[in-house]
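# Fold and geometry: a report
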Amino acid sequence: MCVRYVDDSSRDSIFIREDFLEFVHVKDVMASALANTIMQCIMTLGLDMEMLVGKGYDDAAMMSGQYRGVRTIISEKYPKAQFIHCAAHTLNLVLAHSCKISMIRNCIGTFKTVINFFRQSAMHDGLLKDAAELARATHANLFVVSLFILRKVFSFTSNLNKVLQTKNIDLIEACNYVGIVKKTLEDIRNDEEFLKIVTDSKEFLGIETHFQHLQSQTDKKDEAIILELAARFSNHHEQIGNLQILLPKCMKNKYDAINKLSDIHKMYLLNEKLDNLLCEYQLWTKKWEEISDDLNELNSINTLEKCDKQFFPLIYNVLKILATLSVSTVTAERSFSTLKCLKTYLQNTISQERLTGLALLNIYRDVIVDPLLIVNKLTQRR
């Protein structure tokens, strides 16, 4: 279990933290039992469930099911806790589903065969036969064109995948980067780009051949990714729909500001008066009219740093919520790497408390631990 929050303890800067808390042993994997276990663990750690504004899981039906999944059970008790699908996993699904085109699917299948070929023993009986078949497959026209198409697409999505796995990115930045990639893929869907792929393929093969009949397949690949990006990241855009009105670059459209602020009030600020939020927002917009900086470069963290907590208390809280909404579940998944190192076959009976303690020491190696404090704590136990 990991937690994401905004650390504003420093006067100089504000940044997002994603911290590992503990491993939780689960015996009952039914949705209701998992939801109760999560809520119980959070309360046991001394965290207030009323402050929970977001939650992130993988795409398993048991966790993210819309009707009786864990996300729904927790949201029924704590409506502010919005479910956000891991953006990095969403991008992976986009690429996986866009590779269903036969030409691309066959190319990836050949890749897997090549990998398995080199993993086999050199004494394999059919080694030379397999090598000859692979040589023919990797020099086929369709394979080479598919290879260059994949290289082009992955060159645009590779950095996006890395950025979505960082801690300091917020949901607005993630959606903006996805939009940039989508727009770029739309721009390169032209004859000039296809001719460039054809030229590279001919140079690689060293022969003169015609690829014009494959242009429709190339267009299908680009179109599939564009449609998948738009469809699968639509929920992420919905999550930030009302909240992004507090960002300076989104204040130009003021005709529906009252409705969006009203929705924000109902979701997050029921204990406050709506009039106070509306008045704060008027002061907030007036503040940014006086500033001539490039407002398009400001994300939720940058905006939060420029927000006076005393003068704009409600705006400050909502901006913290916007920055806290999870982008990915990478921190939780990386903790499993530590688990594999700690809980081996020789240490299979390690207790849950000891396992979590060792994991914390391994993950937070930069934290200096005073041995005297540990000795005093162990002495107090006795």
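Reading guide: rules and limits
Residues numbered from 1 in each chain as written. Predicted model: local features only at pLDDT ≥ 70, side-chain atom pairs only at ≥ 80, totals over all residues. Heavy atoms only, no water. Helix = DSSP H or I, 4+ residues; strand = E, 2+ residues; numbered from the N terminus. Buried < 20%, exposed > 50% of the residue type's maximum accessible area, 1.4 Å probe, protein only. Contact = heavy atoms within 4.5 Å. Areas by Shrake-Rupley, 256 points an atom, 1.4 Å probe, with all protein chains shown as cover. Core = buried A, V, L, I, M, F, W, Y, C linked by side-chain atoms within 4.5 Å. Polar contact = N/O pair within 3.5 Å; in protein donor to acceptor, adjacent residues only side chain to side chain. Phe/Tyr/Trp six-rings, centres within 6.5 Å; stacked < 30°, edge-to-face > 60°. Lys NZ or Arg CZ within 6 Å of the ring centre and 35° of its normal. Patch = residues over 30% accessible without salt bridge, like charges linked within 9 Å, V, L, I, M, F, W, Y side chains within 5 Å. Salt bridge = Lys/Arg side-chain N within 4 Å of Asp/Glu carboxyl O. Axes fitted to C-alpha atoms, helices over the stretch in contact; angles between N-to-C directions. Parallel < 35°, antiparallel > 145°, perpendicular 65-115°, else oblique. Left-handed = near helix turned anticlockwise from the far one by under 90°. Nonpolar A, V, L, I, M, F, W, Y, C, P; charged D, E, K, R; others polar.

## A closer look at the overall build of the protein chain
- Per the secondary structure count, the protein chain includes 18 helices and 4 strands.
- Relative to its full complement of 382 residues, the protein chain shows a buried share of 40%.
- Long-range pairs, those at least 24 residues apart, make up 69% of the contacts in the protein chain with a sequence separation of at least 6.
- As displayed, the protein chain offers around 22900 Å² of accessible surface, 54% of which is attributable to carbon and sulfur atoms.

## Quick notes on the nonpolar core
- Counting residues in hydrophobic clusters, the biggest one holds 69 residues, and the most contacted among them are Leu164, Leu229, Leu246, Tyr281, Trp284, Ile315 and Leu319.
- Considering every element that reaches this core, the biggest residue donor is helix H7 (residues 141–164), with 9 residues.
- With near-sequence residues (within four places) excluded, isoleucine 315 lies in contact with Leu246, Leu277, Glu280, Tyr281, Trp284 and Cys307.
- In this structure, Ala31, Met39, Tyr57 and Val70 belong to the second largest nonpolar core, which totals 16 residues.

## Here's the deal with the side chain of glutamate 18
- Positionally, glutamate 18 belongs in strand S2 (residues 15–20).
- Given the relative accessible area of 8%, glutamate 18 is considered buried.
- Separated by 2.7 Å, the side chains of glutamate 18 and arginine 4 make a polar contact.
- Ignoring anything within four residues of it in the chain, the contact list for glutamate 18 reads Val3, Arg4, Lys167 and Thr331.

## Re the packing of aromatic side chains
- Considering all chains together, one arrives at 5 aromatic pairs under this definition.
- Arranged with centres 5.1 Å apart and planes meeting at 75°, the rings of tryptophan 284 and phenylalanine 312 form a pair that is edge-to-face. Of this pair, tryptophan 284 sits in helix H13 (residues 274–289) while phenylalanine 312 sits in the loop between helix H14 (300–305) and helix H15 (313–324); the two residues are 28 residues apart in sequence, bridging distant segments of the chain.
- When its relative accessible area of 0% is taken as the criterion, tryptophan 284 is described as buried.
- For phenylalanine 312, a relative accessible area of 4% translates into the label buried.
- Through pairs of rings, three or more aromatic residues link up here, namely Trp284, Trp288, Phe311 and Phe312.
- Over the ring of tryptophan 288 we find lysine 287; its NZ or CZ atom is 5.5 Å from the centre of that ring.

## Points about helix H3 (residues 70–77)
- Among all positions of H3, only Val70, Thr72, Ile73 and Ile74 are buried.
- Buried positions along H3 lie against helix H1 (31–44), strand S3 (54–55) and helix H2 (61–64).

## Examining a nonpolar patch on the surface
- Taken together, Leu361, Val367, Val369, Ile374 and Leu378 make up a surface patch of nonpolar side chains, about 450 Å² in accessible area.
- By the secondary structure assignment, leucine 361 is in helix H17 (residues 352–363).
- Leucine 361 gets classed as exposed once you look at its relative accessible area, which sits at 53%.

## Let's talk about the environment of threonine 110
- Mapped onto the fold, threonine 110 is located in helix H5 (residues 102–119).
- Overall, the relative accessible area of 15% leaves threonine 110 in the buried class.
- Remark: the alpha-carbon pair of threonine 110 and phenylalanine 143, spanning 33 residues in sequence, is separated by 8.3 Å.

## What about the pattern of salt bridges?
- All chains considered together, the criterion is met by 8 salt bridges.
- One salt bridge connects arginine 68 with glutamate 76, and the closest N-O pair in it is separated by 3.3 Å.
- Classification of arginine 68 by relative accessible area gives exposed; the value is 54%.
- The shortest N-O distance in the salt bridge between glutamate 228 and arginine 232 comes to 2.7 Å. Here the residue glutamate 228 and the residue arginine 232 both occupy positions in helix H10 (residues 215–232), the gap between them amounting to 4 residues, near one helical turn.
- For glutamate 228, a relative accessible area of 19% puts it in the buried group.
- Judged by relative accessible area, which is 26%, arginine 232 ranks as partly exposed.

## Notes on the packing of helix H4 (residues 87–98) against H7
- In the contact formed by H4 and H7, the axes pass within 9 Å of each other and the chain directions differ by 160°. Of the possible angle classes, the one that applies to H4 and H7 is roughly antiparallel. Crossing of H4 against H7: the hand is left-handed. Packed against H4, whose contacting residues are Ala87, Ala88, Leu91 and Leu95, the element H7 presents Val153, Phe154, Thr157, Leu160, Asn161 and Leu164 at the interface.
- Counted by class, the contact of H4 with H7 contains 8 nonpolar, 2 polar and no charged residues.

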